[in-house]
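Notes for the structure review
In case you want the letters, here they are:
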Amino acid sequence: MNFIPPDFAPAYAEIFMLVMVCVVMLADLVAGEKRRYVPYLLTQAALLGCALITFVTFSTETSYTFSGMYVDDSMADILKLMVYGTVSAVLIYSHSYVTDRGMLSGEYFSLILFATLGMMVMISASHFLTLYIGLELLSLSLYALVALRRDSLMATEAAMKFFVLGALASGFLLYGMSMVYGATGSLHVATVSEVIQSGVSSHEVLVVGLVFIVAGISFKLSAAPFHMWAPDVYQGAPTAITLFIGSAPKLAAFAFVMRLLVEGMGEMVADWQGMLVILAVMSMAVGNIAAIAQTNIKRMLAYSTISHMGFLILGFISADWNGYSSALFYVIAYVLMTLGTFAMVMLLCRSGFEAENISDFKGLNKRNSWYAFIGLLLMLSLAGIPPLIGFYAKLAVLQAVVNAGFIWLAVVAVLFSLIGAFYYLRIIKFMYFDEPETNEPIESRFDVKMLLSANGLAVLALGIFPQALMGLSLYAIQNSM
Amino acid sequence: MLFGFPLLSLIIWLPIMVGVAVFATGGDRNAQLARWIAFVGSILGFLVAIPLYTGFDSTASAMQFVEHRAWIERFNINYHLGVDGISMPLILLNCFITPLVVIAGWKVIQERVSQYMGAFLVMSGIVNGVFSSLDAILFYVFWEASLIPMFLIIGIWGGPNRVYAAIKFFLYTLLGSLLMLVAFIYLYQTSGGSFSIEDYHQLPIAFTPQILIFIAFLLAFAVKVPMWPVHTWLPDAHVEAPTGGSVLLAAILLKLGGYGFLRFSMPITPDASEYLAGMMIALSLIAVVYIGLIALMQVDMKKLIAYSSVAHMGFVTLGFFLFNAYGVEGAMVQMISHGFISAAMFLCVGILYDRLHSRQIADYGGVVNKMPVFAAFFMLFAMANAGLPGTSGFVGEFMVIMGAVKVNFWYAFLAATTLIFGAAYTLWMYKRVIFGEVASPAVEALEDISRREFALLAILAIAVLWIGVYPYPITEVMHTTVDNLLIHVSQSKL
């Protein structure tokens, strides 16, 4: 019997990442307490190496491997490159925070890399089980990361909540997938799509499966009404981990929706479109209205995330390349803004002091006008005010929604974004209009300073010249469909 | 004409770049440097705008100084600029007001000077962008971006209730403009993928969508003008804003709304404009009469001028929806003239406020004894505000009333009451503040205006008198464009 080895080429980056995770764990053991920079640099090197591999092996062709369970297309490559960049930025931003709080251990790095590997698998999966494995790898790493501060009651509670609810959502998802398997006899994304198209499978069973899958997806996206975990976890987790949870996994979640709903069950668009409309409207409503009442900055940003996920879902509703590429643009813009915003929050933390309340932003303009300016750009961008990238993200999805004939949905969306503008303005108010409560200077490492400045200016520069990123998102979608 | 030279880009980006340079001077140690850079930059901004007037062909109805470059190909959004007889005078007005605003803040602003001066310059460039954009998204970007500097100006350097006023200003304006954005996106779909405003002018639209688009535009522009009943943000914003902010708000930002009606509502939805003209005229007349009466009751000078702005802007919207040349041109003259007069009025109040730190009319009295030169200037501007013949305030109002008579006598009658109410609230305030016995020891200690303040008021006085006596240079450039617009509006797009 001949064993034909599969083509490993499309998964080189993942294999390299897996090797590097082991290297980082071992290196941490050898390096010990004194030389924590060794695993840190190795982690960055792992991300850089993956980026190089993905970049060099980039091709416009779509290739499948592992009996069609794994796919490497343009969308996957572009999303993976974004993920590496985001994770690398997360590591730079959180370095001092994590060091000050004694979380800088080998587990921290390896868990982050495992989570990254999970995202890579999710992005490249073309089989329901591969998708599920990637998702679980990501989620389990995240649960552990949230609980990394064992002495913090809040963090432990958040991790428990996250874990229990996450497991429930995974259960939903698996149940939905089993229904789909029952109806179509396959778990391959492409085969499922073909069978649904041929119309031989039972529509009722498929719809039941679809409902469970959409519920599972909404949980992972933190879209209302499956959003309840987000505020608690965002608030309870150490800010560095919140930054991680809030940024890169959204890119993977985008791929997740694309693979499951669009590529797998694209034929059932009439069924899931209505569900997404409800999810989008509820997310925008709950996110924007509940955010107003928050005094905790991380909780507020959690609700802000929920509302942004509502906008992201709007992009899927139109169910064409125009909408998907708008959604991709939205998620990239969102990740860029979230990175900067949480970096600002961590900037205000000092050793022994957690910036938790919105009022900690008070008088930032007087303490450091440059950081206040960056904060201004980020907040206005989140609110969707031109000429910042957040505006074009909203413009793109609204355009897709109107194109699909849902003008009322566009009107609802802009009205909720008006409500949303209020709480972003409130932060600007604290930064610019109020007197500082403390005059302690804001200290930051050089690399954080540079990265945060670049991050803030990118929000502005990509707002003035958005074509490049829009073109890239369009290319990624059109080349993969 | 300077063909090929990107004059409009220069007019937009020069002030913005200078503004960034002013920001870069940093903290208050370099305050004097920041002031001088801002001053020189604003003067340069005005100088580069002059070729716009001298090179303007007033016989042509097409857009001039056109620039067209691809910007966001993904959605066919272009960097498309151009001016006609409607936008050109407004750009000049804006470039003219900016140096005045910089000078007005010279001494008063002692905190975070670079941010203050920079914000005004950036604002000036953004507003030029609004007036010269011929692409709907480019227009929208400039339109919304103009909120940011103003929000900060009110919020940082404003009065005690500044936070409330700043947020109210921002959210009110945002509410209006978001629906306009949806209207643009709808037009993008129906026009087959174009954001060009000139394409929209030619686009046939059915009646119901026209009404809805008109209402979406109306919300955006009515808030900005502001028309009754969405004017309530204006008195708050004016009262709390620093003098420079009030001047900019009244002289320039309110004109954005008026401009929007001429550039968007009327040409894009002519049938809806005709259909709803009665409502628009009614709202305008309510603004003129009712707000005039409210102004009479004010005890705060800035509030009084703010309400008088609403009343005067009522004339502008009234003139537009009369659909005749007198009305539209009169409204345009009124916009320019109101730019000068309201700027001057707010500067006068600012001069008093800098000395006494009160805006209450009751705290003043007998100012003429101590500040005779100031009293003379204030008199001129108060008369202009009341619409005295020979000042610019008269020309626009008279033209609009003439236009109104042609349509309906009673419109003209109600509009003309402003000549009484305007005189009543302005002159009564003037009397209480300036004449009479010296009211208090604080007034006794007042000093007359400095040379800097004299120069400011003198420049505005010349402008007000010039337009009052010889408005031809303004009406001449807009004549062809307005005629063309009226022809366009009279044709149904159904």
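Please read these numbers as outputs of a predicted model, since none were measured by experiment. (Residues numbered from 1 in each chain as written. Chains lettered and ligands numbered in written order. Predicted model: local features only at pLDDT ≥ 70, side-chain atom pairs only at ≥ 80, totals over all residues. Heavy atoms only, no water.)

1. Focus on the overall build of chain B
Rules: Helix and strand assignments follow DSSP, with helices taken as H or I runs no shorter than four residues and strands as E runs no shorter than two, numbered in order from the N terminus. When we talk radius of gyration, it's over C-alpha atoms, and the globule rule is simply 2.2 Å times the number of residues to the 0.38. The buried label applies to any residue whose accessible area, calculated with a 1.4 Å probe on protein chains only, is under 20% of its type's maximum; exposed applies above 50%, and partly exposed to all values in between. Here a residue-residue contact requires only that any non-hydrogen atoms of the pair lie within 4.5 Å.
When helices and strands are counted, chain B shows 22 helices and 2 strands. Its C-alpha atoms give chain B a radius of gyration of 21 Å, within 12% of the compact-globule value 23 Å for 494 residues. Seen through its C-alpha atoms, chain B measures out along the principal axes to roughly 70 × 55 × 40 Å. Out of the 494 residues in chain B, the part that is buried amounts to 66%. Pairs at least 24 residues apart make up 81% of the contacts formed inside chain B by residues separated by at least 6 positions.

2. Section: the pairing of strand β1 (residues 64-72) of chain B
Residues and elements named next belong to chain B. Filter applied, for reference: Two strands make a pair as long as DSSP finds a minimum of two bridges between them.
With 6 bridges connecting them, β1 and strand β2 (residues 77-83) associate as antiparallel partners. Bridging from a neighbouring strand, H68 pairs with H80 of β2. The hairpin turn running from β1 into β2, its antiparallel successor, is 4 residues long, and N76 in that turn takes a positive phi close to 55°.

3. Here's the deal with the pattern of salt bridges
Residue and element names in this part refer to chain B. As a reminder, the rule being used: Between Lys or Arg on one side and Asp or Glu on the other, a salt bridge is scored when a side-chain nitrogen of the former is within 4 Å of a carboxyl oxygen of the latter.
Under the criterion given, the structure shown has 17 salt bridges over all chains. One salt bridge in this structure joins E111 and R112, with 3.8 Å as the shortest N-O distance. Residue classification places E111 among the partly exposed residues on the basis of a relative accessible area of 44%. Judged by relative accessible area, R112 falls into the buried class, the value being 13%.

4. With respect to a nonpolar patch on the surface
Keep this limit in mind: What makes a patch is a set of residues exposed beyond 30% relative accessible area and free of salt bridges, joined within 9 Å when like-charged and within 5 Å when nonpolar (Val, Leu, Ile, Met, Phe, Trp, Tyr). To be clear on the numbers: accessible area is Shrake-Rupley with a 1.4 Å probe, and residue cover counts the displayed protein chains and nothing else.
Together, W36(B), V40(B), I43(B), L44(B), L47(B) and I50(B) line one region of the surface with nonpolar side chains, adding up to about 500 Å² of accessible area. Overall, the relative accessible area of 37% leaves L44(B) in the partly exposed class.

5. Some details on unusual backbone geometry
Here A224(A) and P225(A) are connected by a cis peptide whose omega angle stands at 5°. On the secondary structure map, P225(A) appears in the loop between α8 (203-221) and α9 (229-236). Between W228(B) and the following residue, P229(B), the backbone shows a cis peptide bond with an omega angle of 5°. Positive phi is not limited to glycine here, since S67(A) has a value of about 50°.

6. Brief notes about the packing of aromatic side chains
Inclusion rule: Put simply, two rings from Phe, Tyr or Trp (the six-membered ring, in Trp's case) pair if the centres are within 6.5 Å, and we call them stacked under 30 degrees between planes, edge-to-face over 60, tilted for the rest. Note on criteria: charge over ring means Lys NZ or Arg CZ within 6 Å of the ring centre, with the direction from the centre no more than 35 degrees off the ring normal.
Tallying each qualifying case throughout the model produces 58 aromatic pairs over all chains. Seen in terms of ring centroids, F219(A) and W229(A) are 5.3 Å apart; in terms of plane orientation they differ by 35°. Their pairing is tilted. Residue F219(A) is found in helix α8, and its partner W229(A) is found in helix α9; the two are separated by 10 residues along the sequence. You can call W229(A) buried: its relative accessible area is 4%. Put simply, the rings of F139(B), W143(B), F184(B), F214(B), F217(B), F221(B), F261(B), F264(B), F321(B) and F323(B) pair up and form one aromatic cluster. Here R101(A) stacks its cationic end above the ring of Y97(A), 3.9 Å away from the centre of that ring. Sitting above the plane of the W143(B) ring, K224(B) keeps its charged end 5.0 Å from the centroid.

7. Observations concerning the interface of chain A and chain B
Here is the rule we go by: Buried area is a sum: the accessible area each of two parts loses on coming together, probed at 1.4 Å, counted once for each and added. Under the rule applied, a polar contact is a pair of N or O atoms within 3.5 Å (in protein, one hydrogen donor and one hydrogen acceptor; residues adjacent in sequence only if both atoms are side-chain atoms). Following the grouping adopted for this structure description, the nonpolar residues are Ala, Val, Leu, Ile, Met, Phe, Trp, Tyr, Cys and Pro, the charged ones are Asp, Glu, Lys and Arg, and the polar ones are all others, Gly among them.
Across the boundary between the two partners, chain A contributes 41 residues, which contact 35 residues of chain B. Of the roughly 3,400 Å² buried between chain A and chain B on both sides combined, carbon and sulfur atoms contribute 79%. Together, L418(A), L425(A) and F433(A) form the three largest contributors to the area buried by chain A at its contact with chain B, with a combined 19%. Counting across the chain A and chain B interface gives 8 residue pairs in polar contact (both at pLDDT 80 or more). Those elements that place two or more of their residues in the side of chain A that touches chain B are α14 (321-348), α15 (364-367), α16 (369-383), α17 (389-403), α18 (407-433), α19 (446-464) and α20 (467-478) of chain A. Counting residues per element, the side of chain A that touches chain B draws most heavily on α18(A), which supplies 14 residues. Its residues assigned to classes, the side of chain A that touches chain B shows 29 nonpolar, 10 polar and 2 charged.

8. What about the packing of helix α11 (residues 243-268) of chain B against helix α14 (residues 301-320) of chain B?
Geometry of a packed helix pair, given as the angle between the helix axes and the separation of the axes. Residue and element names in this part refer to chain B. Condition: The convention used is that axes are lines fitted to C-alpha atoms, helices contributing only their stretch in contact, and that angles between N-to-C directions extend from 0 to 180 degrees. These descriptions rest on fixed angle ranges, namely under 35 degrees for roughly parallel, over 145 for roughly antiparallel, 65 to 115 for roughly perpendicular, and the rest for oblique. It is the rotation of the near helix from the far one that decides the hand of a crossing: anticlockwise by less than a right angle makes it left-handed, clockwise makes it right-handed.
At a closest axis distance of 11 Å, the pairing of α11 and α14 adopts a crossing angle of 15°. In terms of their interaxial angle, α11 and α14 are classed as roughly parallel. Where α11 crosses over α14, the two elements pack in a sense that is right-handed. Only K302, S309, M313, T317 and F320 of α14 make contact with α11, whose side of the interface consists of T243, S246, A250, L254, K255, G258, F261, L262 and M266. Looking at side-chain class alone, the contact of α11 with α14 contains 7 nonpolar, 5 polar and 2 charged residues.

9. Describing the environment of Y475(A)
Examined against the element boundaries, Y475(A) turns out to sit in helix α20. Apart from the residues within four sequence positions on either side, Y475(A) is in contact with F58(A), T60(A), S74(A) and I78(A).

10. Some thoughts on the confidence of the model for chain B
All names here are of chain B. Here is the rule: Residue-level confidence of the predictor is what pLDDT reports, using numbers from 0 through 100.
Mean pLDDT over chain B: 87, with 99% of residues reaching 70 or higher. Here helix α20 (residues 441-444) stands out as the least confident element of chain B, with mean pLDDT 79; helix α5 (residues 136-145) is the most confident, with 92. Here the predicted complex scores 0.91 on pTM and 0.89 on ipTM.

11. So, the packing of α18(A) against helix α6 (residues 147-157) of chain B
The interhelical angle for the contact between α18(A) and α6(B), taken along N-to-C directions, is 50°, at an axis separation of 10 Å. In this view, α18(A) runs oblique relative to α6(B), as classed from their interaxial angle. As α18(A) runs across α6(B), the sense of the crossing is right-handed. Two secondary-structure elements touch here, α18(A) through L425(A), I428(A), Y432(A) and F433(A) and α6(B) through F151(B), L152(B), G155(B) and I156(B). For the contact of α18(A) with α6(B), a count of residues per class yields 7 nonpolar, 1 polar and no charged.

12. A look at the side chain of D135(B)
Residues and elements named next belong to chain B. Put simply, the rule reads: Charged residues are defined here as Lys and Arg on the positive side and Asp and Glu on the negative side; His and the ends of the chain fall outside this count.
Examined against the element boundaries, D135 turns out to sit in the loop between α4 (113-132) and α5. One buried charged residue, D135, remains without a salt bridge, the closest side chain of opposite sign being R263 at 12 Å. Here the side chain of D135 touches I137 through a polar contact of 3.0 Å, landing on its backbone nitrogen. Excluding its chain neighbours within four sequence positions, the residues that come into contact with D135 are N76, I77, N78, H80, F195, S196 and I197.

13. Some thoughts on helix α4 (residues 106-124) of chain A
Rule in force here: Under the convention used throughout, the expected extent of a helix is 1.5 Å for every residue step, that is, one less than its residue count.
A rise of 1.5 Å per residue sets the reference length of α4(A), with its 19 residues, at 27 Å; its end C-alpha atoms lie 27 Å apart and thus fit the reference within 8%. With respect to burial, α4(A) is a largely interior element, 17 of its 19 residues being buried.

14. What to know about the environment of I11(B)
Residue and element names in this part refer to chain B. When you line up the elements, I11 lands in helix α1 (residues 7-24). Residue I11 is classed as buried on the basis of its relative accessible area, which comes to 1%. Those residues in contact with I11, other than ones at most four positions away along the chain, are V48, A49, L52, I91, C95 and N128.

15. Details of the environment of D236(B)
Residues and elements named next belong to chain B. Within the secondary structure, D236 sits in helix α10 (residues 233-240). Residues D236 and F315, 79 residues apart in the sequence, show an inter-C-alpha distance of 22 Å. Beyond its immediate chain neighbours, meaning those up to four positions away, D236 contacts Y164, A165 and K168. For D236, the side chain forms a polar contact with the side chain of K168, separated by 2.8 Å.

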